[in-house]
Amino acid sequence: MAESAEAPKLVYLVTGGCGFLGEHVVRMLLEREPRLRELRVFDLHLSPWLEELKTGPVQVTAIQGDVTQAHEVAAAVSGAHVVIHTAGLVDVFGRASPETIHKVNVQGTQNVIEACVQMGTRLLVYTSSMEVVGPNIKGHPFYRGNEDTPYEAVHKHPYPHSKAQAERLVLEANGRKVHGGLPLVTCALRPTGIYGEGHQIMRDFYHQGLRLGGRLFRAIPASVEHGRVYVGNVAWMHVLVARELEQRAALMGGQVYFCYDKSPYKSYEDFNMEFLGPCGLRLVGTRPLLPYWLLVLLAALNALLQWLLRPLLLYAPLLNPYTLAVANTTFTVSTNKAQRHFGYEPLFSWEESRTRTILWVQGMEASAQ
Ligand SMILES: NC(=O)C1=CN([C@@H]2O[C@H](COP(=O)(O)OP(=O)(O)OC[C@H]3O[C@@H](n4cnc5c(N)ncnc54)[C@H](O)[C@@H]3O)[C@@H](O)[C@H]2O)C=CC1
Ligand SMILES: CC(C)[C@@H](O)CC[C@@H](C)[C@H]1CC[C@H]2[C@@H]3[C@H](O)CC4=CC(=O)CC[C@]4(C)[C@H]3CC[C@]12C
């Protein structure tokens, strides 16, 4: 942890600060950023837990706002030294329209960039995603790849497409002159599948298992590995990048970094069972119980049902053509670029990450009873 003899003087803004990742970034900044004087938490939906953070030495300012509204973003950015932009619509289940996903993820990011330029804020960290790279629509595996691995990134789905567009805007903005004449320094972090306390999809799997009598049914071959990263380590990487970005602007500016730790490479379902198994759930089948063609049919049926039911209700199951394709394509990263460029080492070991996540699921179990 960086020692800071100077008085705290920096103002940070975290967009999406009440989200799954955002909350961990907010708490990590309060715990591990000694230069912090004010922490602004900007979100469409403010959470009650923000109130408990206002009793500490750092001024925590909750700002209810919409990144699609440029004036709201500009007001929140004004006077900030660092912006960590995590806000986004993380939707691969068809809940939001492609237009809305684009408006939030792309236009919202453009609004953040323009606000930094207008207000003279020089440091911008963007939460991108592995999905900017893949898996692509051709189902090409990305096996132990890194930031320089050649891969045909082809996106049709609105979410990965929007993340790729937003990341490109952020990286292209690196070096733009901000108000006051100094250059904007940007970088993008690409988490793989994030897990940990507060992960909604893990919650969905857990509740699905409870509804099915403590069982989940394997749909994906165990051989299809998916990289995962603990939310606390992703938050830590955001804090570290924001700290080092100014001093190492020439090296880090305009760069992308995969978020990684020592979480094991497993299929998405087997990895989830690391936490759901100790909480009483069982994954039935050593290989998929249904043939892939039938899963494709069921996924297509889910998509059709979602479309038919949309005027009446939102039907958004975990299984749809996109989630099936992604889950069935190996995507793992093996890199040390973040370590080489700014000294990143995971803050939480795999054992700690696993234990923390299990305790969180057990907390859900307790509250469900
Ligand atoms: N969950 C994952 O596995 C991964 C997530 N990411 C990225 O991490 C970031 C955070 O994702 P999560 O925490 O999982 O999602 P989340 O949905 O839990 O958090 C997103 C936050 O952004 C806020 N938000 C949404 N629209 C907004 C708007 N118009 N204005 C202001 N705030 C708005 C939401 O209220 C929410 O608090 C996203 O940019 C996502 O693309 C990247 C890789 C993996
Ligand atoms: C129903 C079964 C086929 C089941 O195994 C489906 C799992 C599916 C819901 C997940 C498999 C891979 C996940 C995605 C991956 O972790 C990459 C992501 C990055 C992001 O930026 C946002 C989340 C996600 C798209 C993630 C979403 C859930 C999966 C598709």
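Remember, predicted model here, so these are calculated numbers, not experimental data.

Participant: Even after reading the chapter, I still don't get the site of ligand 1, so can you show me in this structure?
Facilitator: What surrounds ligand 1 is a group of 25 residues, the closest being Leu21, Asp43, Asp66, Tyr159 and Lys163. Between ligand 1 and the protein, one listed contact pairs an oxygen atom with a side-chain N or O atom of Tyr159 at 2.6 Å. One of the side-chain N or O atoms of Lys163 is found 2.9 Å from an oxygen atom in ligand 1. Contact with the protein chains covers 86% of the free accessible surface of ligand 1, which is 830 Å². Looking at the shell around ligand 1, the elements with two or more residues in it are α1 (20-32), α4 (158-172) and β8 (193-195). Of the residues contributing to the shell around ligand 1, the split by class is 11 nonpolar, 11 polar and three charged.

Participant: Help me understand the pattern of salt bridges in this model?
Facilitator: Pairs may arise between side chains of opposite charge once their charged atoms sit close together. Overall, the coordinates contain 15 salt bridges when judged by the stated rule. Between Glu23 and Arg27 there is a salt bridge; the shortest N-O distance is 2.9 Å. Separated by four residues within a single helix, Glu23 and Arg27 lie in helix α1, roughly one turn from each other. Looking at Glu23, the relative accessible area reads 23%, which means it is partly exposed. For Arg27, a relative accessible area of 25% corresponds to the partly exposed category.

Participant: For this particular structure, what's the right way to read the packing of helix α2 (residues 70-77) against helix α3 (residues 98-119)?
Facilitator: Any two packed helices are characterised by how steeply their axes cross, that is the angle between the axes, and by the distance between the axes. The interhelical angle for the contact between α2 and α3, taken along N-to-C directions, is 45°, at an axis separation of 9 Å. If you check the angle between α2 and α3, you find them oblique. Handedness of the crossing formed by α2 with α3: right-handed. Along its contact with α2, which presents Ala70, Val73, Ala74 and Val77, the element α3 presents Asn111, Val112, Ala115, Cys116, Gln118 and Met119. Partitioning the contact of α2 with α3 into residue classes produces eight nonpolar, two polar and no charged.

Participant: What should I look at first to understand the layout of surface pockets in this one?
Facilitator: Over the atoms rolls a probe the size of a water molecule, and its path tells where empty space is left. Put simply, the second largest pocket is a space of about 590 Å³. The wall of the second largest pocket is formed by 34 residues, among which His157, Pro158, Asn320, Pro321 and Tyr322 lie closest to the centre. Of all the elements in the fold, those that place two or more residues in the lining of the second largest pocket are α3, α4, α9 (292-309) and α10 (321-327). Its residues placed into classes, the lining of the second largest pocket shows 20 nonpolar, 10 polar and four charged.

Participant: Whenever I open this one, the packing of aromatic side chains confuses me. Can you help?
Facilitator: Here a ring pair, both rings aromatic, is described through the centre-centre distance and the interplanar angle of the planes. Overall, the coordinates contain 14 aromatic pairs when judged by the stated rule. Considering the side-chain rings of Tyr195 and Trp350, the 6.3 Å spacing of their centres and the 70° angle between planes classify their relative orientation as edge-to-face. Remark: Trp350 occurs in helix α12 (residues 350-368) and Tyr195 occurs in strand β8; sequence separation between them is 155 residues. Classification of Tyr195 as buried rests on a relative accessible area of 0%.

Participant: What should I look at first to understand the nonpolar core in this one?
Facilitator: Here is a general trend for soluble globular proteins: nonpolar side chains tend to be buried in one another's company. Core analysis: the largest hydrophobic core is formed by 70 residues, its most contacted members being Tyr12, Leu29, Leu39, Ile84, Met237, Leu276 and Phe342. Top contributing element to this core by residue count: helix α6 (residues 231-244), with nine residues. What Leu29 contacts, discounting residues up to four positions off in sequence, is Tyr12, Val14, Leu36, Leu39, Ile84 and Val239.

Participant: How should I be thinking about the environment of Thr149 in this particular structure?
Facilitator: Inspection of the secondary structure assignment puts Thr149 in the loop between β6 (142-145) and α4. For Thr149, the side chain forms a polar contact with the main-chain nitrogen of Asn146, separated by 2.7 Å.

Participant: Would you mind going over the site of ligand 2 with me for this structure?
Facilitator: With respect to spatial proximity, 17 residues lie near ligand 2, and among them Val90, Ser129, Tyr159, Gly193 and Glu269 are the closest. Separating an oxygen atom of ligand 2 from a side-chain N or O atom of Ser129 is a distance of 2.7 Å. One nitrogen or oxygen atom from the side chain of Tyr159 is found 2.6 Å from an oxygen atom belonging to ligand 2. Within the complex, 91% of the 630 Å² of free accessible area of ligand 2 lies under protein. Element by element, the count of residues in the shell around ligand 2 is highest for α10, at three residues. Across the shell around ligand 2, the residue classes break down as 11 nonpolar, four polar and two charged.

Participant: Hey, could you run me through the pairing of strand β5 (residues 123-127) in this one?
Facilitator: Side-chain positions along a regular strand alternate between the two faces of the sheet. Within β5, five of the five residues are buried, leaving the element largely enclosed by the surrounding structure. On β5, burial covers both faces: Leu123, Val125 and Thr127 on one face and Leu124 and Tyr126 on the other are all buried. Note that strand β4 (residues 82-85) and β5 share four bridges and pair parallel. When the sheet's bridge partners are listed, His85 is paired in β5 with Tyr126. Direction of pairing for β5 relative to strand β7 (residues 185-191): parallel, over a ladder of five bridges. Following the sheet pairing, Thr127 is matched in β7 by Leu189.

Participant: What is the right way to look at the packing of helix α5 (residues 200-211) against helix α8 (residues 268-276) in this model?
Facilitator: Between α5 and α8, the shortest axis-to-axis distance is 11 Å and the interhelical angle comes to 80°. By the angle class used here, α5 and α8 are roughly perpendicular. Of the residues in α8, those touching α5 at Ile201, Met202, Phe205 and Tyr206 are Tyr268, Asn272, Phe275 and Leu276. Of the residues that constitute the contact of α5 with α8, the class distribution is seven nonpolar, one polar and no charged.

So, how was this worked out
- One numbering rule holds for all chains: residues counted from 1, following each sequence as written.
- In the order they appear in the text, chains get letters beginning with A and ligands get numbers beginning with 1.
- In view of the model being predicted, local features appear only for residues whose pLDDT reaches at least 70, and side-chain atom pairs are presented and counted only at 80 or more, with totals across whole chains, interfaces and linings using the full set of residues.
- Where side-chain values are given, they derive from all heavy atoms of the structure, hydrogens and water being excluded.
- Whether a residue is near a molecule or strand depends on its heavy atoms: it is near if one of them lies within 4 Å of it.
- Here a polar contact is taken to be a pair of N or O atoms separated by no more than 3.5 Å, where protein atoms must pair a possible hydrogen donor with a possible acceptor and residues adjacent in sequence count only if both atoms sit in side chains.
- The protein chains shown are the only cover counted for residues, whose accessible areas, like all others here, come from Shrake-Rupley with a 1.4 Å probe.
- Secondary structure elements follow DSSP: runs of H or I no shorter than four residues count as helices, runs of E no shorter than two count as strands, and numbering proceeds from the N terminus.
- Under the scheme applied, nonpolar residues are Ala, Val, Leu, Ile, Met, Phe, Trp, Tyr, Cys and Pro; charged residues are Asp, Glu, Lys and Arg; polar residues are all the others, including Gly.
- The rule for a salt bridge is simple: a side-chain nitrogen of Lys or Arg has to be within 4 Å of a carboxyl oxygen of Asp or Glu.
- Partly exposed residues are those whose accessible area sits between 20% and 50% of the maximum for their type, while under 20% is buried and over 50% is exposed, using a 1.4 Å probe and protein chains only.
- For helices, the fitted line uses only the C-alpha atoms of the stretch in contact; every axis is such a line through C-alpha atoms, and the angle between N-to-C directions lies from 0 to 180 degrees.
- The scheme is simple: roughly parallel for angles under 35 degrees, roughly antiparallel for over 145, roughly perpendicular for 65 to 115, oblique for anything else.
- Note on convention: the crossing is left-handed when the near helix lies turned anticlockwise from the far helix by less than a right angle, right-handed when the turn is clockwise.
- We call two residues in contact whenever any of their non-hydrogen atoms come within 4.5 Å of each other.
- Cavity means a closed set of points on a 1 Å grid over the protein atoms alone, one where a 1.4 Å probe fits but cannot get out, pocket means an open set with protein on both sides within 12 Å along at least 5 of 7 lines, and lining means a residue has an atom within 4 Å of a point.
- Grid points are joined across faces, edges and corners, and a volume is the space filled by probe spheres set on the points.
- By convention, a stacked pair of Phe, Tyr or Trp rings (six-membered ring in the case of Trp) has centres within 6.5 Å and planes under 30 degrees apart, an edge-to-face pair has planes over 60 apart, and any other such pair is tilted.
- Residues belong to a common nonpolar core when they are buried Ala, Val, Leu, Ile, Met, Phe, Trp, Tyr or Cys residues joined through side-chain atoms within 4.5 Å.
- In this scheme, strands are said to pair when DSSP sees at least two bridges between them.

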